[in-house]
Amino acid sequence: MARAPKSAATFEAALAQLEEIIHAMESGDMPLEHALASYKQGTELIKFCQAKLADAEQQLKILENEELKPLDLPDAG
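For every chain, the first residue of the written sequence is number 1, and numbering continues from 1 onward in sequence order. It should be noted that, the model being predicted, local features are given only for residues of pLDDT at least 70 and side-chain atom pairs only at 80 or more, the latter also being counted only at that level, while totals for whole chains, interfaces and linings use all residues. Only heavy atoms go into the side-chain values, all of them from the structure, while hydrogens and water stay out.

- As annotated in an unreviewed UniProt entry, the protein carries the name Exodeoxyribonuclease 7 small subunit and is attributed to Crenobacter caeni.
- UniProt positions are given in the numbering used here, feature names are shortened, and annotations may be inferred rather than shown by experiment. Looking at the Subcellular location (unreviewed entry) heading of the UniProt record, one finds this comment for the protein: "Cytoplasm".
- Taken verbatim from the UniProt record of the protein, the Sequence similarities (unreviewed entry) comment is "Belongs to the XseB family."

### Section: the overall build of the protein
Phase 1 of the analysis: A tally of regular secondary structure across the protein gives two helices and zero strands.
Phase 2 of the analysis: Taking all 77 residues of the protein together, 19% fall into the buried category. Secondary structure elements are defined from DSSP: runs of H or I of at least 4 residues count as helices, runs of E of at least 2 residues count as strands, and each element is numbered from the N terminus. When a residue's accessible area, from a 1.4 Å probe over protein chains only, is under 20% of the maximum for its type it is buried; when over 50% it is exposed; and in between it is partly exposed.

### Focus: the nonpolar core
Phase 1 of the analysis: Core analysis: the biggest nonpolar cluster contains six residues, these being Ala-14, Leu-18, Ile-21, Leu-45, Phe-48 and Cys-49.
Phase 2 of the analysis: If you list the elements that add at least two residues to this core, you get helix H1 (11-27) and helix H2 (32-63). Residues enter a nonpolar core if they are buried and are Ala, Val, Leu, Ile, Met, Phe, Trp, Tyr or Cys, with the set joined through side-chain atoms within 4.5 Å.

### Topic: the environment of Met-25
Phase 1 of the analysis: Looking at where Met-25 falls in the secondary structure, it is placed in helix H1.
Phase 2 of the analysis: Sequence-wise, Met-25 and Ser-38 are 13 residues apart; in three dimensions their C-alpha atoms are separated by 7.9 Å.
Phase 3 of the analysis: Should any heavy atoms of two residues lie within 4.5 Å, those residues are considered in contact. Once you skip the residues sitting within four places of it in the chain, Met-25 turns out to touch Met-30, Ala-35, Ser-38 and Tyr-39.

### Some details on H2
Phase 1 of the analysis: A helix is expected to span 1.5 Å for every residue after the first. Taking 1.5 Å per residue, 32 residues should reach 46 Å; H2 reaches 46 Å between its end C-alpha atoms and fits that length.
Phase 2 of the analysis: Buried within H2 are the following residues: Ala-35, Ser-38, Gln-41, Gly-42, Leu-45, Phe-48, Cys-49 and Ala-51.
Phase 3 of the analysis: Check the buried side of H2 and you find it contacts H1.

### Describing the side chain of Ser-38
Phase 1 of the analysis: Residue position: Ser-38 is located in helix H2.
Phase 2 of the analysis: Judged by relative accessible area, Ser-38 falls into the buried class, the value being 7%.
Phase 3 of the analysis: If we skip the residues at most four places from it in the chain, Ser-38 touches Ile-21, Met-25 and Met-30.

### Description of H1
Phase 1 of the analysis: With 17 residues, H1 should cover 24 Å at 1.5 Å per step; its first-to-last C-alpha distance of 25 Å lies within 8% of that length.
Phase 2 of the analysis: Regarding H1, the residues found buried are Ala-14, Gln-17, Leu-18 and Ile-21. All buried residues of H1 project into a common sector of 100 degrees when viewed along the axis, lining one side. Exposed and facing more than 90 degrees away from the buried side of H1 are Glu-12, Glu-20, His-23 and Glu-26.
Phase 3 of the analysis: Where H1 is buried, its residues meet H2.
Phase 4 of the analysis: Of the residues one or two after H1, Gly-28 is the one with positive phi, at around 80 degrees. The directions from the helix axis to the C-beta atoms form the arc being described.

Right, dumping it as structure tokens:
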């Protein structure tokens, strides 16, 4: 499984960091070296998030007897 980059210990934290990186890079005010470092960190965060999602999918398959089924939630209203 992928390690959590720097301080991202959860999927949610990694996603929040990734969003911050995207906003900072989209501003266009970032020096080239910082942009490259941010890009590298972003790719690590993406890999971490993908691994977390793959783990969750595998757990769902196991819970559903190796057959991934659509999630059927009752209407909240």
